[in-house]
Amino acid sequence: MLVEFDLIKRAQGGDSVAFNQIVLAYRKRILGTIARLISRVEDVEDVAQEVFLRLFFSLDQLRSPEVFETWLYRLTVNAAYDYLRKQRKRPESRMSDLTEQQVMMADAAASGKFDMEERRKRQVRESVSSLLGAVSEEDRILLTLKEVEGLSLKDLEKIYKVKENALKVRLFRARQRVLRAFGRSLPG
Amino acid sequence: MPQDEFPEALKGDSELSDLFQKYRHACETPDASANFMPVLWEKIEARQSQLTLFGRSSKALVTCALAASLMMGIYVAMPGNHANPFYTASYVEVLAFDEALHAVEYSEPVHAESVMETQDADFELL
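Residues numbered from 1 in each chain as written. Chains lettered and ligands numbered in written order. Predicted model: local features only at pLDDT ≥ 70, side-chain atom pairs only at ≥ 80, totals over all residues. Heavy atoms only, no water.

S.K.: I'd like to hear about the overall build of chain B, residue by residue, with values.
M.R.: Counting secondary structure elements, chain B contains 4 helices and 0 strands. Beginning at the N terminus, the succession of helices and strands in chain B can be written as α-α-α-α. Sorting the 126 residues of chain B into buried and exposed places 12% on the buried side. Carbon together with sulfur atoms contributes 63% to the accessible area of chain B, which is approximately 10500 Å² in total. (Helix = DSSP H or I, 4+ residues; strand = E, 2+ residues; numbered from the N terminus. Buried < 20%, exposed > 50% of the residue type's maximum accessible area, 1.4 Å probe, protein only. Areas by Shrake-Rupley, 256 points an atom, 1.4 Å probe, with all protein chains shown as cover.)

Okay, structure coming up:
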């Protein structure tokens, strides 16, 4: 836990200073998780704000501060899922969607200013993003939480409220779908 | 999708896991902008005002519904509004009135034996 239980209880009681401290403590972690879940840098902050917005209005429903992190993860997953579903309707990326920084990065990449390491990273991001984009939002989020975020099956069990065996089956099927999607994308 | 680095690597499950690990390292955690907290609080306040507006509208609606019910109750209870006499009578009174309309005179049922006996008596007399 990044914060004391007492701070959560104070925030539940309507203490905005306590809520601010919680946001500051978890902001970095949530931004990172969302960045890996949605892979669109310019929207990460917006989705993270949506997570904390939902947290603010649902904090009074949290029965025990012990399960706060699971609760926050669930809110993060739900917000990312909602975002990805909206994005599914407009999957094409247009230049007008890109931030100024991304346009500069794209220009720099085009003119060969990027070093090899950065190019390799970008290639990995694009590859995985493309792979995960070929499967459902549910598969994408589940695989990212397990394989990229490194959450254990026990953690996922708490977040999804699903038995471990059922999760294993879902994970296996999701992996198979990703591998099939990759197979389809290969020429010939 | 760039094909130069991964087509061979993705033939198995373990290769997929490796790719996910590379992805984890390739995704840098973005820093929050200076506007993160102010914008968050703006959004919270906007949502709160929406909820407050909704709550006020709901309360106003409930109040209007109660007032309308009360007025209808008063209107129904006012004695001058009972123009139709049918509705002035109670259910028991209406039933009693209806019973009286359909009531028939009391008559003793005719018994076959008593008729026969009468006929026999008449025959003996003859």
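That covers the picture; the talk isn't over yet.
S.K.: Can you lay out the interface of chain A and chain B for me, pointing to particular residues and giving the numbers?
M.R.: With 45 residues of chain A at the interface, the matching set in chain B holds 39 residues. Of the roughly 4100 Å² buried between chain A and chain B on both sides combined, carbon and sulfur atoms contribute 65%. Applying the counting rule to chain A against chain B returns 5 salt bridges. The salt bridge partner of A:Asp46 is B:Lys43, with a shortest N-O separation of 2.8 Å. If you look at where chain A meets chain B, you find 12 residue pairs in polar contact (both at pLDDT 80 or more). (Contact = heavy atoms within 4.5 Å. Buried area = accessible area lost by both parts, 1.4 Å probe. Salt bridge = Lys/Arg side-chain N within 4 Å of Asp/Glu carboxyl O. Polar contact = N/O pair within 3.5 Å; in protein donor to acceptor, adjacent residues only side chain to side chain.)

S.K.: Give me the lowdown on helix α2 (residues 16-38) of chain A, citing residues and values where you can.
M.R.: Under the 1.5 Å per step criterion, the end-to-end length of α2(A) is only 29 Å for 23 residues, more than 12% shorter than the ideal 33 Å. The sharpest bend along α2(A) comes to roughly 50 degrees, located at A:Tyr26. (Expected span 1.5 Å × (residues − 1). Bend = angle between axes of the 7 residues up to and from the residue.)

S.K.: Any details on the layout of surface pockets? Residues and values, ideally.
M.R.: Residues and elements named next belong to chain A. Here the second largest pocket defines a volume of roughly 430 Å³. Contributing to the lining of the second largest pocket are 21 residues, with Val67, Glu69, Thr70, Trp71 and Ile159 lying nearest its centre. When residues of the lining of the second largest pocket are traced back to their parent elements, those giving at least two are α2, α4 (68-89) and α8 (153-160). A total of 5 residues in the lining of the second largest pocket trace back to one element, the largest contributor, which is α4. (1 Å grid on protein atoms, 1.4 Å probe; cavity = no way out; pocket = protein on both sides within 12 Å on 5 of 7 lines; lining within 4 Å. Points joined across faces, edges and corners; volume = space filled by probe spheres on them.)

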